[in-house]
Each structure stands twice: as structure tokens, then as C-alpha cells.
Amino acid sequence: MNKPVLPISSPSLKMPTADRSIETYRLAASRTFPAKLEGALNRVAFSAAHVVADPLADNDPWLTSAIDWDRTIAFREHVWDLGLGVAEAMDTAQRGMGLDWPTSLELIQRSVKAAKARGGALVFSGAGTDHLAVEDAKSLDNVISAYERQIAAVEKAGGRIILMASRALAKLGRSADDYAKVYNRVLSQVREPVIIHWLGDMFDPALSGYWGTADLDTAMDTAVAIINANAAKVDGVKVSLLDKQREIDMRRRLDKNVKMYTGDDFNYAELIAGDEQGFSHALLGIFDAIAPAASYALSRLAAGDAAGFHDVLGPTVPLSRHIFRAPTRFYKTGIVFMAYLNGHQDHFTMIGGQESTRSTLHLAELFRLADKAGLLSNPELATRRMKTVLATRGIEP
């Protein structure tokens, strides 16, 4: 099922190259993956899921978000069918880059309701402090109160929590003690164990110096100390630093009951596979774009077929590294573009106008890499849609 199948006559299209010329690109071998999980998984795997904008809404996209709720929830059903969990209202959903807290809460409520209707599909949801403007945060108590408000709202909806990094705390926190005060207070109140998200400043520049220092070694000491001191309240930690060795080092220092969820969109395949001392689970934005391949690869790993796991997941890594290239915070554009190419939405429109954050060359290379990894589920549809986007950018088919 996962082996390449070369079509008799593969589609082709004209695409730009780095030297400003136009090439005729012919699609490579395609792959097919199951639409639903086959077998079991031995890793907990979340897709941080995107939201589908409503392109026909009469709103001001830079100022207010308009969501196509039916398509947004349908995408989550697609993820759950594949045996993956949904990490809801996270940065992949443009939290803090177009998605405000009131809309995030509605998204969480709708997603939790949909998960319960399936008999309890896996969903954890982001609780942070983003309703508190950074300039209005005057004290650590303000930060704590902001966390408490969002945690209460998520728990009222029946949701599990991912404790997001706080821009307000990054502004006010000056030491390990400051971070310990906030996290100890907040974690003492949560109803069920949470996932803590350490989001690096490559994803959000406003989080520079998180854990009270710009030195990552010292920051890790602080984070590990806080997490291990509150292990009973922590399901796991998601690390988004794009630094394989730091994640491995932290994984080996965590309390044995605390999971490591890789957030490394550059090195996830080897981190999930692990080594003789352990492995990482997954909570990844790229799993939104490659969910069928990720599900199948993880099922092969659980079946003891490590070669099959790497055969499927390995070719997706170059695509992920391209989508998450600097400025990394604009990776959401590539995630939504993949959803458009693969038919999960009928347009390439994003909240906040974020479809404009990547160049035509970037999108063209994304298409090539997705094709080479066998990730275009319907090559003919993907080709037509790529041609449409290119035409709006001056490249006629």
C-alpha cells in the first residue's frame, strides 16, 4: 500500500526556479496510504491542527478572524480517523497570529464536543495568557490570573490542557524563581495532568529568554526542575526548539512518568524512533500536512517494522524542513497550502491574510518536495490547484 506507483502518464505543470526561469515539472511516483488507522500505535501522536478560514465572510482579515467551522471540524475528523490526537488551538491554528482567545475558545468547545461524539477521541487544547495584552501585564499575579481564566474555560468545556508559553511571562519573568512561582501556582490547580509547551523564539520571537534566561542550558535546568517537581500534574512536555540533542538530553532528565512529545519538525523521525535509552512521542504541526503518512508510518513502527517506518516517514522530513524554514513562524502558510492541495479545503485563504507570508518560489519547492515524498493524495487535483495559485502570481499554465 505504501509503495510508489508510477502512473502511465503523470501530470505536469510549469513552475518557477531559483534562477527566475520557468521549468516544466512532471510529477514523480505517487503513494497511497490508508484513510483510517490500520493496526495499533505504540506512540502517542498529536497533530497540531490548522483552522480553515471562511473566504466569503464580510470581515477585515487583518483585524478579525472568520472560520469555516464545518471544514475545520471535518479536518479534525480526518485526523482522528487516522488514529492521531488533535492538539487544538495551538500555534498551528494561528493562535496569536490571527486567532484570538474568544475564537480559540469556540474552536476548543466545538472540537471537544466533536471528540466526545466519537466516544472520546484524543484532543488536548491550548490554554495560555493571550487575552492579556503584553503591555497590560504588570505583575506575575496578572499572568497567573490570565492562565487561571483560560484553564477554567477549557476545563468547563470538558477539555484537557496544553499549557502554552506566555508572552506576558516572557516579558515579566526575570529568574527561575519567577517561572517557578507561576507554574507551581497554575499546576497546583489543574484538574488533570497537562502537557507543557516550551515554544522556542524561532516560532515566536516574543518568547525570547523563556524560563528567565537566554542561555538554553540554564533554561533547560529551570524547566526540568519545575516539571519534575510537579510530575503528578504533568502528562508530558512538548519541546519546540528544533534542536535534536537538547530534546534527547531533556528527555533523559524527565521524571519517568512524564512523556516527551517531540515538537522538532526537523528531526521527528529519528526522535520518535528513539534509541536504547528511550524515545519521544509526538505533538507536531507537520503531522497536519502529512497525517496519512504519519499514521501509516507509526503503525509500521508499532508492528516492529522499523524499516517500513523510516521508508514512509523519512522522505517527509525534507518537506517539513522546507515548510518550517526561517522565518519559522510563517510555517502555517505551508501547512494550509498542503491542505488546499490535498482537497481538505477549496481555497488557499488564511485568517490574518497569512497566505501571503511565503514566496511563489517557496510554494513551488513545497509542491516538488510533497510530490517526491508521495504526499499528494490526488496528483491531478493538486496539479490543477497549483496551476491556479501560480496563475494568480503571474505564471500562466
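Conventions we followed
- Residues numbered from 1 in each chain as written.
- Predicted model: local features only at pLDDT ≥ 70, side-chain atom pairs only at ≥ 80, totals over all residues.
- Heavy atoms only, no water.
- Phe/Tyr/Trp six-rings, centres within 6.5 Å; stacked < 30°, edge-to-face > 60°.
- Buried < 20%, exposed > 50% of the residue type's maximum accessible area, 1.4 Å probe, protein only.
- Helix = DSSP H or I, 4+ residues; strand = E, 2+ residues; numbered from the N terminus.
- Salt bridge = Lys/Arg side-chain N within 4 Å of Asp/Glu carboxyl O.
- Pairing = 2+ DSSP bridges.
- Axes fitted to C-alpha atoms, helices over the stretch in contact; angles between N-to-C directions.
- Contact = heavy atoms within 4.5 Å.
- Parallel < 35°, antiparallel > 145°, perpendicular 65-115°, else oblique.
- Left-handed = near helix turned anticlockwise from the far one by under 90°.
- Nonpolar A, V, L, I, M, F, W, Y, C, P; charged D, E, K, R; others polar.
- Expected span 1.5 Å × (residues − 1).
- pLDDT = per-residue confidence, 0-100.

Bringing the packing of aromatic side chains into the picture now. In this description, an aromatic ring pair is defined by two values, namely the gap between the centres and the angle between the planes. Applying the stated criterion to the full structure yields 17 aromatic pairs. Taking the centre distance of 5.3 Å and the plane angle of 75° together, the rings of Tyr-210 and Trp-211 count as edge-to-face. Judged by its relative accessible area of 3%, Tyr-210 falls in the buried class. Judged by centre distance (6.4 Å) and plane angle (35°), the ring pair of Phe-337 and Tyr-340 falls under tilted. Taken together, the positions of Phe-337 and Tyr-340, both in helix H13 (residues 331-341) and three residues apart, correspond to about one turn of that helix.

So, about the pattern of salt bridges. Note that side chains of opposite charge can pair when their charged atoms are close. For the coordinates displayed, the defined rule picks out 22 salt bridges. The partner of Arg-118 in a salt bridge is Asp-81, with the nearest N and O atoms 2.9 Å apart. Residue Arg-118 is located in the loop between helix H2 (101-117) and strand S5 (123-127), and its partner Asp-81 is located in helix H1 (residues 69-81); the two are separated by 37 residues in the primary sequence. Taking the relative accessible area as the measure of exposure, Arg-118 reaches 35% and is therefore partly exposed. In this structure, Arg-185 and Asp-141 form a salt bridge, with 4.0 Å as the shortest nitrogen-oxygen distance.

Turning our eyes to something else, we now look at the sheet that holds strand S8 (residues 234-240). Strand order around the closed barrel formed by eight strands is S3-S4-S5-S6-S7-S8-S9-S10, with parallel pairing between neighbours. Mean inter-strand twist for the sheet, computed between neighbouring axes without regard to direction, equals 25°. Relative to the sheet, H2 contacts strand S4 (85-88) and S5, its axis offset from that of S5 by approximately 165°. Set on the sheet, helix H6 (residues 216-229) makes contact with strand S7 (194-199) and S8; between it and S7 the angle comes to about 170°.

Quick look at the packing of H13 against helix H14 (residues 360-372) now. At their nearest, the axes of H13 and H14 sit 11 Å apart, and the two run at 60° to each other. With respect to H14, the element H13 is oriented oblique. At the point where H13 passes H14, the crossing takes the right-handed sense. Contacts between H13 and H14 pair Gly-334, Phe-337, Met-338 and Leu-341 from the former with Leu-363, Leu-366, Phe-367 and Ala-370 from the latter. A per-class count over the contact of H13 with H14 returns seven nonpolar, one polar and no charged.

With that settled, the discussion passes to H14. Between the first and last C-alpha of H14 there are 19 Å, a value that for 13 residues agrees with the 18 Å anticipated at 1.5 Å per step. Across the 13 residues that make up H14, a large majority, ten, are buried. Of all the positions in H14, only Thr-360, His-362, Leu-363, Ala-364, Leu-366, Phe-367, Arg-368, Leu-369, Ala-370 and Asp-371 are classed as buried. Residues of H14 that are buried sit in contact with strand S1 (12-16), strand S2 (22-26), helix H12 (316-323), H13 and helix H15 (379-392). Positive backbone phi, at 70°, marks Gly-374, one or two positions downstream of H14.

This part covers the packing of H13 against H15. The N-to-C vectors of H13 and H15 enclose an angle of 125°; their axes lie 8 Å apart at closest approach. Looking at the two axes, H13 sits oblique to H15. Where H13 abuts H15, its residues Phe-337, Tyr-340 and Leu-341 lie against Leu-381, Ala-382, Arg-385, Met-386, Thr-388 and Val-389. For the contact of H13 with H15, a count of residues per class yields seven nonpolar, one polar and one charged.

Turning our attention to the confidence of the model for the protein chain. On average, residues of the protein chain carry a pLDDT of 96, and 98% of them reach 70 or more. Segment residues 4-8 is flagged for pLDDT under 50; beyond a separation of four residues in sequence, or across chains, it makes eight contacts in the model.

Attention shifts here to unusual backbone geometry. Here the bond from Ala-326 into Pro-327 is cis, since omega is -5°, no more than 30 degrees from zero. For Pro-327, the location among the structural elements is in the loop between H12 and H13. Backbone geometry at Gln-94 places phi at a positive 65°, although glycine is not the residue there. By the element assignment, Gln-94 lies in the loop between S4 and H2. Phi angles above zero are rare outside glycine, and Trp-211 is one such case at about 70°. Relative to the helices and strands, Trp-211 resides in the loop between S7 and H6. According to the relative accessible area criterion, Trp-211 is buried, its value standing at 2%.

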